[in-house]
Every structure is written in structure tokens, then in C-alpha cells.
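# Survey of secondary and tertiary structure
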Amino acid sequence: MSAHERIPLARPVIGARERELVDEVLRSGQLSLGPFVTRFEEVWAERIGVRHAVACSSGTAGLHCCLHALGLGPGDEVITSSFSFVASANAILYTGATPVFAEVDPHTFNMDPAAVEAAITPRTRAILIVDIFGYPAEVPALLDIARRHGLGVVEDACQSIDGDFDGRKLGTFGHPAVYGFYANKQMTTAEGGIVLTDDPELYRLLKSLTNQGRSDDGQWLVHSRLGFNYRLSDVHAAIGIAQVERLDDMMAGRARVAGWYQDRVRAIEGVSPMFEGPQRRSWFVYAPRLDQDLDRDAVIGRLEAAGVSAKPYLPCIHLQPFYRAEHGHRPGELPVTEAISASTVALPFFPEMTEAQVERVCEALGAAVAAERGAGVPAAR
Ligand SMILES: Cc1ncc(COP(=O)(O)O)c(C=O)c1O
């Protein structure tokens, strides 16, 4: 990459091993419902230390199946975070239930357990935990609330692949956890997801739900329930197997790049580096926070003009046009979530990023912030 080439936001690491395994699938003639999917599931179950893993066509599909398995329907409420990708809450809506958004912690950006407990009503049926930006939510505290109120729990760990809380892997806490493998994630299958669970009954149900409600004994074209076509193909699973083989290296690469960023961003006035707390972050994005007086969109515009890709990330779910129009949500409902969402910027972040590229991004960021400060016009929010 030349010194002036645009630095992309994300870039997957794809090499000879991915091509070799994909080629093996193509030559085998079995492109779906084949041994590569089974192998991919086994690799993950073993890596995390759970009894079962169910591959599916996306993280969204995995979330939908887990929520569907709780038997949710119209009139039910599920508490979740608005500081997430829209798929978290959409998966709740697919079941007919209503997402109820709990306020987040200003440091971890994950749901505040006290806010979750305060959001419980007689209609609450479940909590959808989200581990945002690869930092684990307060899983034990949320599970305690769920146990005391008799609520189901599903975990959206789509951004927290291979993550843990106090060293205990997400997915091993007794409720299902879902990863997403879109191309910007810590590892990818192009599109895809996986559900991790220790529960053999849930495993059988998820295998059926992801495969058109196929009967539990797997009989040919016998469908015992309404299911979905949420299968992952063997072509995608082959990419995934190769990616898991290089996952430790890619994670180390992300952590190294994050370290370079943290050191430099700390020195830029008006920008806060990403939170470092007691838990390990499974590095997914690098999204520092701008001071509130800065016009984030203007800073992003200056970065883009300097050849540095940057995006406002994450928009909060409750203020998406659809959630405002159909569900009546309004600004001001979740002040902490909205303030975070209005001030975080995703910068280029991928395992093969060089220190020189990080330097270039940070120089551009420092210059953009200084220019905005110099412009002296406070942002209208
Ligand atoms: C927090 C979160 N939840 C759910 C999803 C949905 O995953 P997918 O895109 O694989 O459907 C994503 C993926 O981007 C995500 O970041």
C-alpha cells in the first residue's frame, strides 16, 4: 500500500489455506449439509469448551433462532441494548416480541445491570445481552437478575468472538451465545454465524430450526416444526475452518494494532482512547470517542479527505428511522447511549495494519480535531 493510498476501515485476511479448503469443497461436489459444516461446528465447540455449536447463515439468524426457541411472541418484552447493531433488536422483533432498551454504562458501553433490572415489567420474558466492541457485558450480574426474575437469556457475542468474562469463555455460562462472521469481524466466513450451547435439547432444536424445521431424527424431508433456511454452506464453513486456524494470529495482530492506536490517541487532545477495564477486550473495532464540543461529522469529513476511512459508529438502534416511525422512539430516551453514539468514530482497523498506517490515521485525526477546534464553532446536536 503506497503512502497516499486510502486506508480502508476493515480488511479480511484471506490466504492459501482458505483457497485450498474452499477448493476441496468445490471438488467434493457436496456444497451444503456436508462434512465441512460439521467440522466447523466441532472446531468451535472444542475451542470454547461447550458441548455443541450450531453453524448458521448469519449472526442475525443465530440470534433469531435462539430467541424463537424461548417461545417469545406478541406482548412479550425482551430487554436489550440500543448501543448495538440493528440486528440485535430486529431479531427480537422477528419473534413478535418488543425490544425494551436499557441504558448503558458510560465506560464499557454495555448494558448497566441496574438499568436492566429497572426495565423489567410483568411482560418481560428475556434479556438479550450484547457484548459491544468486543468488551464483555456484566454477564454474572445480568444472569443473577434473570434468575431472580425467571427470565430467559441469549447473548449477542457477534462482536466478541472468542471473548470471555473473568477468563470464562462467553458461551459457557449456561445460555446460548452467538457469534457473527461478516467480513469485518475478527474472523470471517464472508457471511455466517454460530451458536454455542451446552444444552443438548436446545442444540437439537437449533439444528432443526436452521434447517427448515427438519424432524429431530433427521428423516429425509420430514418437517416437524416451522423452521427457516438458515444453513451455512460448506463453502463458507471451509473459509471458517481456515480462519479459525489463523484466529490466534489475527487476534494478536488486532491487539498489536490497538496498542499502537491507544498510545497515540491518548496524546490527542479532544479524543479519548478506548476503555481499558478489568476484562479482556476481543478487539473488533477501534472506535475512540470525541469530546462533545467537536462536530463528529466534520472530523470524519476531514479524515476521509485525507484518505483515511472513518464512520460514525455505532448509530443507536432506537433512533433508527424505522424504530422511530414504527415504535415511537425519540431522542432523549437514553441520554448515555445517545451521547456515546454521537461521539464515537470507527477508524481503520485490521490485523495486517502497519504501525506507519496507524501513525498516518492518528496524524490525520489530530489535524482534523485541531482544525475543528480552530474553527471554533461548537457542534449543534
Ligand atoms: C452486535 C451485532 N449483533 C448482530 C450482528 C449480526 O450479525 P450478521 O451480520 O452476521 O447477521 C452483528 C454483525 O454485524 C453485530 O455486530
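Residues numbered from 1 in each chain as written. Predicted model: local features only at pLDDT ≥ 70, side-chain atom pairs only at ≥ 80, totals over all residues. Heavy atoms only, no water.

## Points about the site of the ligand
In the region of the ligand, 13 residues are neighbours, and Gly59, Thr60, Asp156, Gln159 and Lys185 sit closest. Gly59 has a polar backbone atom sitting 2.8 Å from an oxygen atom of the ligand. The side chain of Asp156 places a nitrogen or oxygen atom 2.7 Å from a nitrogen atom of the ligand. Within the complex, 92% of the 380 Å² of free accessible area of the ligand lies under protein. Assessed atom by atom at 2 Å from the grid points, the ligand resides in the largest pocket. Top element by residues in the shell around the ligand is helix α3 (residues 59-69). It accounts for three residues. (Near = heavy atom within 4 Å. Polar contact = N/O pair within 3.5 Å; in protein donor to acceptor, adjacent residues only side chain to side chain. Areas by Shrake-Rupley, 256 points an atom, 1.4 Å probe, with all protein chains shown as cover. 1 Å grid on protein atoms, 1.4 Å probe; cavity = no way out; pocket = protein on both sides within 12 Å on 5 of 7 lines; lining within 4 Å. Sits in = over half its atoms within 2 Å of the grid points. Helix = DSSP H or I, 4+ residues; strand = E, 2+ residues; numbered from the N terminus.)

## Here we look at empty space enclosed by the protein
Summary: where empty space remains is shown by rolling a probe the size of a single water molecule over the atoms. Counted according to the given criterion, the structure contains one cavity of 30 Å³ or more. For the largest cavity, the calculated volume is near 70 Å³. Contributing to the lining of the largest cavity are 15 residues, with Arg11, Pro12, Val13, Lys185 and Arg254 lying nearest its centre. Looking at the lining of the largest cavity residue by residue, the classes come out as eight nonpolar, four polar and three charged. (Points joined across faces, edges and corners; volume = space filled by probe spheres on them. Nonpolar A, V, L, I, M, F, W, Y, C, P; charged D, E, K, R; others polar.)

## Here's the deal with helix α9 (residues 247-265)
With 19 residues, α9 should cover 27 Å at 1.5 Å per step; its first-to-last C-alpha distance of 26 Å lies within 8% of that length. Here α9 has its buried residues at Leu247, Met250, Met251, Gly253, Arg254, Val257, Ala258, Trp260, Tyr261, Gln262 and Val265. Buried residues along α9 sit in contact with α2 (35-48), α8 (234-245), β10 (271-272) and α13 (355-375). (Expected span 1.5 Å × (residues − 1). Buried < 20%, exposed > 50% of the residue type's maximum accessible area, 1.4 Å probe, protein only. Contact = heavy atoms within 4.5 Å.)

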